[in-house]
Every structure is written in C-alpha cells, then in structure tokens.
Amino acid sequence: MKAIRLRAGKERSLQRRHPWVFEGSIAKGRADAGETVRIEAHDGAFLAWGAYSPASAIRARAWSFDEAERIDAAFFERRVRQALQFRERLGIDSDARRLVHGEADGLPGLVVDRYGDTLVAQFGFAGVERWKAAIADALLGAAGLPRLYERSDIGVRRLEGLPEQRGWLRGDGPTQLEIREHGWTLQVDIAHGHKTGAYLDQRTGRQRFAHWVQRLGCAEVLNAFSYTGGFTLAALAAGARQVTSVDSSAPALELARAHVARNGFDPHRHEAVDADANGFLRQCLDQGRRFDAIVLDPPKFAATAAQAERAARAYKDINRLALRALRPGGLLFTFSCSGGIGAELFQKIVAGAAVDAGVDGAIVERLGAAPDHPATLFFPEGEYLKGLALLV
Ligand code: SAH
C-alpha cells in the first residue's frame, strides 16, 4: 500500500474529519489516479485511507478515518446502503431525490440522483472514477433498480485530468422521464438537462414558496432564472393569478410551458420570457410593472472564494432590481448557490441591495438545499445553497 505523508502542522484538517488533502500539505509520496493510499501524519501515524489524484489541487480525499477499514467493493456497498437508508428516513415528497451527495455521504466526488426507477450519477473525482464499476453495482443493488445513466460531463472532471463522459453505464431506457414532486408532474431530460436533469436541491424552496404565496395571497409572481418552471408551478398551485417565468434558455422555457399545461393550469395564467433576468427586471422598472412575489435563483456566480467579489456585485445588482420591482409588502425568495459566498456574506449583500433600493425586509425564513443534499458538520462546504425569504 502506498502512503502519502503530510507536512508537520498540516494534519489538523484531517483530524477534524475534513476529507480533503491539498497539494501543498503533502511532504512526500505519490500514487496513480484514484489509487488507495494511507494518509499519514508527519511522524507516520495513521490519519485516513484515501484516494490519490495526481492532477488535482485537492491531491487526495479521504475514504475512511478507521485504520481497520478496508477500501474494497464491500466498503462501497456499505457507504451506498447508508446513504440510501438516510434518505428513507427523511420522508421526501417526491419520487426524485439525491441518493448520494459526495463528501457528505463519505463518497467524495460522487453525486447520484434518482428519478423514478432511473439513477443518474456524476463521477467528479479520480477516486470514484477508479471504483466506478463497484459503485455502479453497489448503487443498483442497494436501490433494487436496473438502470444507471452517467452524466460525468462536468467541468470539475478537467481539474481531475478526467475526460467528460455521458451515457448508459448499466442497463438502458428512456432519457426523458416524468417525476412527481409535491403532487406536481415534471419532465426531466437526464441526458441534456442541467446537473443530472433537474434542480432537486430546490425541492424544499419550491414547497416553501408555495406556502408563502398562498399565505400572503400573492397575485402577480415573477420567477426569475426559472429553468423548467419549478417555482412557477409552486406559485400557480398556491393560487397566484399570473406567473412570469424568465430564463435565458429556450429549451428550459419550453418545458416550463409544457409543465403548466401538463399540470392542468390555464396557460393564460403563465407567460414565459426568453431574456436576461437583469434586463427583464430593468424593463419592468422602466414600464412601472410590479410584482407581489419574486424568486431569484441565479446560476453560480462564484465557484471559489477568489471570484467572490465580482459575484457579490452581480448578486447585489439583481437583488436591488428585484427589491425595487416588488410592491410594498411583497415577498422575495432570493438564493445563491455559489460555494464561495457564505450565508453571512450573502445576507450582507442583500442588505446592501436593500439600502440602494430604499426598502427594508424582514427575514421570515432562511432557506437551503433540501435535506437529501446535506451539509455535514465535518464538511461545511456542502452548504452551497443558501436563501432568504424576505417580506419587504
Ligand atoms: N429555480 C430553478 C433552477 C434555476 S437554475 C428550479 O427550481 O428548477 C438557473 C437558471 O438560470 C438556468 O435555467 C439558466 O438557464 C438561467 N440563466 C443563467 N443566466 C441567466 C440570465 N442572465 N438571465 C436569465 N436566466 C439565466
């Protein structure tokens, strides 16, 4: 078994069960891509079993902090089973869910979503890439399902020195699927949709939005960065009179339109606008158009802390526009999915936007990813999605 030895003083993070080892923390030792290594303190003491990734700045990620544990096919079966059992306990109101959320489930770099009887996986790290066959078997065995589609067409693969890959890994079947969420029906394209097909992390957000729209009796609702209209359905189901979905992706809007009809809502209650959300909001302000509720769920503006400053300006701009476009008493659901922007910073940014817009807002709820996308105490980076529900 190969070993990598850390520099003195670089052990702390692993001792606190954080699974990443950065390039600069390593004193000596190397291995092949995905190979299991013993990660040692500077004096040779055992810290963790991990996998090595020669191309990545995150040079190793820990599988296990238990010296007696063997990293083999049975290890992946145990981890996968644990991840599935955790979801069983959550009582998720949907037949789509995240089954494996990477580091938070002790499977660094692995994302697995379930859509009905189909699994979709992303292998984002040399370690899970190397164990792909064992992981695929463990997943299908534990879930009792026949089909697994791979969506490893993600940018982080490049950082790992891995090629992008997409296609059936086990079994085959349709890639256009239908799922149920909160009683609504949604179509998901697992081959071409964003992420693994849908933003399952916003399941709770959509449900909370329906709650508030109904509670407050919001009539005119704007869903900015709507993708395929998840929040749009929430608003329509909650009784909104008129909902506008804005996105810069035409195929996403086409699905949003289809979702409105498929769920039995009058298409006249919905308008889909193919536009830049900033531009659309500016136009509304120019025309004196106002809303009772607005959702802002933009894409990741900052992947890393280094990009946080520019991202902060972008978040501030869009939030200022939205706050100005709300009627007095209006509801804002505003989100950031940037890993580089923490919850505290995000709140400050929104506060800055409110100063500029000349309004105050009461935080009636703090929002985050649905609990099948857990952040854990040992891996706070898992908490990428944060949101505020504000009454202006
Ligand atoms: N709220 C959605 C997910 C939104 S993801 C849900 O619940 O499913 C972010 C969306 O923003 C993507 O659909 C992307 O197409 C869109 N987008 C990216 N840049 C945009 C821009 N400048 N203006 C409008 N939409 C944009």
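Our structure is the block above this text.
Only a predicted model underlies this, so the values are computations on that prediction, with no experimental measurement involved. (Residues numbered from 1 in each chain as written. Predicted model: local features only at pLDDT ≥ 70, side-chain atom pairs only at ≥ 80, totals over all residues. Heavy atoms only, no water.)

**Details of the site of the ligand**
The condition is simple: Residues are labelled near a given molecule or strand when at least one of their non-hydrogen atoms is within 4 Å of it. Counted as a polar contact is a pair of N or O atoms within 3.5 Å, where, for protein atoms, one must be capable of donating a hydrogen and the other of accepting one, and residues adjacent in sequence contribute only when both atoms are in side chains. Residue burial considers only the protein chains on display, and all accessible areas are found by Shrake-Rupley using a 1.4 Å probe. Ten residue types, Ala, Val, Leu, Ile, Met, Phe, Trp, Tyr, Cys and Pro, are classed as nonpolar, four, Asp, Glu, Lys and Arg, as charged, and the remainder, Gly among them, as polar.
Around the ligand lies a shell of 15 residues, among which R206, D247, D276, A277 and D297 are the nearest. With respect to the ligand, the backbone of S248 contributes an N or O atom lying 3.2 Å from a nitrogen atom. In the environment of the ligand, a nitrogen atom lies 2.7 Å from a nitrogen or oxygen atom belonging to the side chain of D276. Here the ligand, which alone exposes 580 Å², has 87% of that area covered by the protein. Among the residues forming the shell around the ligand, the class breakdown is 7 nonpolar, 4 polar and 4 charged.

**Structural notes on the sheet that holds strand 8 (residues 110–115)**
Here is the rule we go by: Should DSSP find at least two bridges between two strands, the strands are regarded as paired. Where helices and strands are cited, they refer to DSSP runs of H or I of at least four residues and of E of at least two residues respectively, numbered from the N terminus. Axis lines are fitted to C-alpha atoms, over the contacting stretch for helices. Their N-to-C directions set the angle, which ranges from 0 to 180 degrees. Contacts were defined at the residue level, with two residues in contact if any of their heavy atoms lie within 4.5 Å.
The mixed open sheet is built from 5 strands, whose spatial order is 7-8-9-10-11. Both edges of this open sheet fall to strand 7 (96–101) and strand 11 (165–170), since each of them pairs with a single strand only. Strand after strand, the sheet turns through a mean of 20° between neighbouring axes, direction not considered. One ladder, built from 5 bridges, connects strand 10 (residues 147–152) with strand 11; its direction is antiparallel. Pairing of S152 across the sheet is with Q165, part of strand 11. On the sheet, helix 4 (residues 132–143) packs against strand 7, strand 8, strand 9 (118–123), strand 10 and strand 11 and is oriented at approximately 55° with respect to strand 11.

**Some words on the side chain of R203**
Threshold: Categorising residues by exposure relies on relative accessible area from a 1.4 Å probe, with only protein chains included: less than 20% of the type maximum marks a residue as buried, more than 50% marks it as exposed, and the intermediate range marks it as partly exposed.
Relative to the helices and strands, R203 resides in helix 6 (residues 203–216). Among the residues examined, R203 registers a relative accessible area of 4% and is labelled buried. In contact with R203, not counting residues within four places along its chain, are I92, S94, A96, R97, R98, E181, H182, A370 and D372.

**What to know about the sheet that holds strand 4 (residues 36–40)**
If you trace the 6 strands from one edge of the open sheet to the other, you get 2-6-5-4-1-3, paired in mixed fashion. Sheet topology places strand 2 (20–22) and strand 3 (26–28) at the edges, where each strand pairs with a single neighbour. Averaged over all pairs of adjacent strands, the angle between their axes in this sheet comes to 40°, without regard to strand direction. Across 5 bridges, the pairing between strand 4 and strand 5 (residues 46–52) is antiparallel. Looking across to strand 5, one finds that E40 is bridged to F46.

**Notes on helix 2 (residues 73–88)**
Spelled out, the test is: Given the number of residues in a helix, its expected span is that number minus one, multiplied by 1.5 Å. Working note: the arc is built from the helix axis to C-beta atom directions.
Taking 1.5 Å of rise per residue, 16 residues should cover 22 Å, and helix 2 covers 23 Å from first to last C-alpha, within 8% of that figure. Within helix 2, burial applies to F75, F76, R79, V80, A83, L84 and R87. Down the axis of helix 2, the buried side of the element spans an arc of 160°, and every buried residue falls inside it. Buried residues along helix 2 sit against strand 6 (58–64), strand 7 and helix 4.

**Overview of helix 8 (residues 250–262)**
In a regular helix each residue adds 1.5 Å, so 13 residues correspond to 18 Å; helix 8 covers 18 Å between its end C-alpha atoms and thus fits that length. Along helix 8, the positions that sit buried rather than exposed are A252, L253, A256, H259 and V260. In an axial view of helix 8, the angular spread of the buried residues amounts to 110°, which keeps them on one side of the axis. Summarising the geometry of helix 8, the exposed residues directed more than 90 degrees from the buried face are P251 and E254. Close packing links the buried residues of helix 8 with strand 13 (184–189), helix 7 (230–237), strand 15 (242–247) and strand 16 (270–274).

**Focus: the packing of helix 9 (residues 277–287) against helix 10 (residues 308–324)**
To keep things clear, this is the line we draw: Orientation categories follow fixed angle ranges, with anything under 35 degrees roughly parallel, anything over 145 roughly antiparallel, 65 to 115 roughly perpendicular, and all other angles oblique. Helix crossings fall into two classes, left-handed where the near helix is turned counterclockwise from the far one by less than a right angle and right-handed where it is turned clockwise.
The contact between helix 9 and helix 10 brings their axes to 9 Å, and the two run at 30°. When the axes of helix 9 and helix 10 are compared, the pair comes out roughly parallel. In the packing of helix 9 onto helix 10, the handedness of the crossing is left-handed. Contact with helix 9, carried on its side by A277, N278, L281, R282 and L285, involves D317, I318, R320, L321, A322 and R324 of helix 10 and no other residues of that element.

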